Amino acid sequence: MPLKYLHTMVRVKDLEKSMAFFELLGLKQTRRMDSEGGRFSLVFMAPPGQEDSPVELTWNWDGDDELPSDSRHFGHLAYAVDDIYATCQHLMDNGVIINRPPRDGHMAFVRSPDNISVELLQAGDSKEPAEPWASMENTGHW
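Residues numbered from 1 in each chain as written. Predicted model: local features only at pLDDT ≥ 70, side-chain atom pairs only at ≥ 80, totals over all residues. Heavy atoms only, no water.

- As recorded in an unreviewed UniProt entry, the protein chain goes by the name Lactoylglutathione lyase, listed as coming from Actibacterium lipolyticum.

Structural data, given as structure tokens:
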């Protein structure tokens, strides 16, 4: 079951200040996505030569008043998997709750025993939606 590390997501209160901080550490912006509909921005930053292991800065345009006091800075670890359905089934078979099932054939979330959120993403193209995943509800939070 091959696994590839993708990124670590952290929530930020002030995107420009956060980007400036990571630039001081030597990281450069490698990718950016602004979502008008979702009202958020994702900025990926990595050290030169390590563009495949970025930190993802997530900024909610309408603010996040609980930052930094609610410890929501850290969002999740993310890994690409060869088969999202087989991976989720393997985890379920071993007692792991699928908090956000891969209804779309692309993305799922689970939590570690320490409550660390882990995002699983289908490598390459999304799979066709399939049962039991397509109709499975979320469990808890992810």
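After that view of the structure, there is still more to cover.
## So, the domain arrangement of the protein chain
Item 1. Taken as a whole, the protein chain is organised into domain 1 (8–60) and domain 2 (77–122).
Item 2. Centre-to-centre, using C-alpha coordinates, domain 1 lies 24 Å away from domain 2. (Domains from an automatic or database assignment.)

## Observations regarding the sheet that holds strand β6 (residues 98–100)
Item 1. Strand order in the open sheet formed by 8 strands is β2-β3-β4-β1-β5-β8-β7-β6, with mixed pairing between adjacent strands. Two strands lie at the open edges of the sheet, namely β2 (28–35) and β6, each paired on one side alone. Direction aside, neighbouring strands of the sheet carry axes that sit 30° apart on average.
Item 2. As defined by bridge partners, strand β7 (residues 107–111) adjoins strand β8 (residues 117–122) across 5 bridges and the pair is classed as antiparallel. Across the sheet, the residue bridging to Phe-109 is Glu-119, located in β8. (Pairing = 2+ DSSP bridges. Helix = DSSP H or I, 4+ residues; strand = E, 2+ residues; numbered from the N terminus. Axes fitted to C-alpha atoms, helices over the stretch in contact; angles between N-to-C directions.)

## Remarks on helix α1 (residues 15–24)
Item 1. Turning to α1, its buried residues are Leu-15, Ser-18, Met-19 and Phe-22. Projected down its long axis, α1 shows its buried positions confined to an angular sector of 100°, all on one face. Turned more than 90 degrees away from the buried face of α1, the exposed residues are Glu-16, Lys-17 and Leu-24.
Item 2. Tucked into the core, α1 has its buried residues touching β1 (3–12), β2, β3 (40–46) and β4 (55–60).
Item 3. Capping the start of α1, Asp-14 holds a side-chain oxygen 3.2 Å from the backbone nitrogen of Glu-16, two or three residues further along.
Item 4. With its phi angle positive at about 100°, Gly-26 sits one or two positions after the end of α1. (Buried < 20%, exposed > 50% of the residue type's maximum accessible area, 1.4 Å probe, protein only. Arc of directions from axis to C-beta. Contact = heavy atoms within 4.5 Å. Polar contact = N/O pair within 3.5 Å; in protein donor to acceptor, adjacent residues only side chain to side chain.)

## Section: the nonpolar core
Nonpolar side chains tend toward joint burial in soluble globular proteins.
Item 1. Listed in full, the 12 residues of the largest apolar core are Tyr-79, Val-81, Ile-84, Tyr-85, Cys-88, Leu-91, Ile-98, Ala-108, Val-110, Val-118, Leu-120 and Trp-133.
Item 2. Mapped onto this core, the elements with two or more residues apiece are β5 (74–81), α2 (84–93), β7 and β8.
Item 3. Ranked by residue count, the leading element in this core is α2, at 4 residues.
Item 4. In contact with Cys-88, other than residues within four places in its own chain, are Ile-98, Pro-102, Ala-108, Leu-120 and Trp-133. (Core = buried A, V, L, I, M, F, W, Y, C linked by side-chain atoms within 4.5 Å.)

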